[in-house]
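Listed here are the chains, written in short residue letters.
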Amino acid sequence: APRMLIIASMFLSSILLLPIVSQAASLAGNSNTYLQSRESTDGNKLLPIYEYLDFNVQDLGKETISVHFGGWLGYDLQDDSFGNDKKKGSDLQYGYVSYRAKERSAVVNLGRVMVFEGVAAERIDGVYARTDIKGGFGISAFGGAPVETGIDLPGNSTIYGARLSHQNPGLYTVGLSYLKEDKNSSTFREEEGLDLWVRPVNKVELMGKSSYNAETSGWMEHAYYLML
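Remember, predicted model here, so these are calculated numbers, not experimental data. (Residues numbered from 1 in each chain as written. Predicted model: local features only at pLDDT ≥ 70, side-chain atom pairs only at ≥ 80, totals over all residues. Heavy atoms only, no water.)

## Some words on the overall build of the chain
Part 1 of the reasoning: Looking only at helices and strands, one finds two helices and 14 strands in the chain.
Part 2 of the reasoning: Considering the chain as a whole, with its 228 residues, one finds that 33% of them fall into the buried category.
Part 3 of the reasoning: Put simply, the chain shows about 13800 Å² of open surface, and 57% of that area lies on carbon and sulfur atoms. (Helix = DSSP H or I, 4+ residues; strand = E, 2+ residues; numbered from the N terminus. Buried < 20%, exposed > 50% of the residue type's maximum accessible area, 1.4 Å probe, protein only. Areas by Shrake-Rupley, 256 points an atom, 1.4 Å probe, with all protein chains shown as cover.)

Given below as structure tokens:
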């Protein structure tokens, strides 16, 4: 909850500064309300209501800075839907400031960000950055604290990783990635991986990835899909 308030305050501050920063800035938002009725395994009648909010401010500064915010609030009108005898729940799904350069598709996101890079499919409080480099190569990196929602993993955690890729637009993309998570200064996760997307002919695509567990010295997954 404190993190959600901090990022929400940052978002509101950005809105207040819009007339000063850029006359061309645009604000867009979306609100969705859901009411559910269901019965739990122990026979309790549940009637939770959810409110999902998504907002973004585009074209701040010189059309390179934007602010993004998304999360939900929930309340059960009858019983305790949110575990541990709680009638209320909330989650800040993402909330970050983004900088995008016009050259080399460079981007830097700071805040609560989602990272999908090779072996990494994470939500972190930290920073994510990527850019294209010469010869069809691209590089990305991220680091911060993992967002652990709804699970009890005591201790201080840090997570970081990177991905190096090479692509021929419209033909293939191949990437090598690495991820490491430390908890209380000890290794908690360490993974490496290869990801692939190939389009040899029109309407034929092969995509997938292989993940390796450096902690156990064994393969975790090989998942590849052929699409026609």
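## Quick look at the pattern of salt bridges
Part 1 of the reasoning: Taken as a whole, this structure holds nine salt bridges when the rule is applied.
Part 2 of the reasoning: Close ionic contact of Glu39 with Lys45 constitutes a salt bridge, the shortest N to O distance being 2.9 Å.
Part 3 of the reasoning: Salt-bridge contacts for Arg163 lead to Asp195; the nearest nitrogen and oxygen are separated by 2.7 Å. With a gap of 32 residues between them, Arg163 in strand E10 (residues 157-168) and Asp195 in strand E12 (residues 186-201) connect regions that are remote in the sequence. Judged on exposure class, the residue Arg163 and its partner Asp195 are both buried.
Part 4 of the reasoning: One connected set of salt bridges, linked through shared partners, spans Glu122, Glu181, Arg189 and Glu191. (Salt bridge = Lys/Arg side-chain N within 4 Å of Asp/Glu carboxyl O.)

## Observations regarding the confidence of the model for the chain
Part 1 of the reasoning: When pLDDT is averaged along the chain, the result is 86; 84% of the residues meet or exceed 70.
Part 2 of the reasoning: Note that pLDDT drops below 50 for residues 18-22; the model gives that stretch nine contacts with residues more than four away or on any other chain. (pLDDT = per-residue confidence, 0-100. Contact = heavy atoms within 4.5 Å.)

## Quick look at a nonpolar patch on the surface
Part 1 of the reasoning: Judged by side-chain polarity, Leu176, Leu194, Leu206, Tyr224, Leu226 and Leu228 come together as a nonpolar surface patch covering roughly 610 Å² of accessible area.
Part 2 of the reasoning: Its place among the elements puts Leu228 in the segment after strand E14 (218-227).
Part 3 of the reasoning: Leu228 sits in the exposed class, given a relative accessible area of 79%. (Patch = residues over 30% accessible without salt bridge, like charges linked within 9 Å, V, L, I, M, F, W, Y side chains within 5 Å.)

## Comments concerning the nonpolar core
Part 1 of the reasoning: Tyr94, Tyr96, Val107, Val113, Val115, Val119, Ala120, Ile124, Tyr128, Phe142, Ile159 and Leu179 together form the largest nonpolar core, which totals 12 residues.
Part 2 of the reasoning: Where this core is concerned, the elements lending two or more residues are strand E6 (88-100), strand E7 (107-117) and strand E8 (120-132). (Core = buried A, V, L, I, M, F, W, Y, C linked by side-chain atoms within 4.5 Å.)

## Looking at unusual backbone geometry
Part 1 of the reasoning: We note that Ser105 has phi near 55°; this positive angle belongs to a residue other than glycine.
Part 2 of the reasoning: With respect to the secondary-structure elements, Ser105 resides in the loop between E6 and E7.
Part 3 of the reasoning: Unusually for a residue other than glycine, Ser185 sits at a positive phi of about 70°.
Part 4 of the reasoning: Mapping Ser185 onto the fold places it in the loop between strand E11 (172-183) and E12.
Part 5 of the reasoning: You can call Ser185 exposed: its relative accessible area is 75%.

## Considering the pairing of E11
The two faces of the sheet receive side chains in turn, since in a regular strand these alternate between them.
Part 1 of the reasoning: In terms of strand pairing, E10 meets E11 through 12 bridges, oriented antiparallel. Residue pairing in the sheet places His166 in a bridge with Val174 of E11.
Part 2 of the reasoning: Following E10, the chain reverses through three residues before pairing antiparallel with E11; Gly170 in that reversal takes a positive phi of roughly 85°.
Part 3 of the reasoning: One ladder, built from 12 bridges, connects E11 with E12; its direction is antiparallel. Paired with Asp182 across the bridge in E12 is Thr187.
Part 4 of the reasoning: Between E11 and E12, which pair antiparallel one after the other, the connecting turn spans two residues, and Asn184 there sits at a positive phi close to 55°. (Pairing = 2+ DSSP bridges.)

## Here we look at the side chain of Asp182
Part 1 of the reasoning: In this structure, Asp182 sits in strand E11.
Part 2 of the reasoning: Although Asp182 is buried, it makes no salt bridge; Lys180 carries the closest opposite charge, 4.1 Å away. (Lys, Arg positive; Asp, Glu negative; His and termini not counted.)

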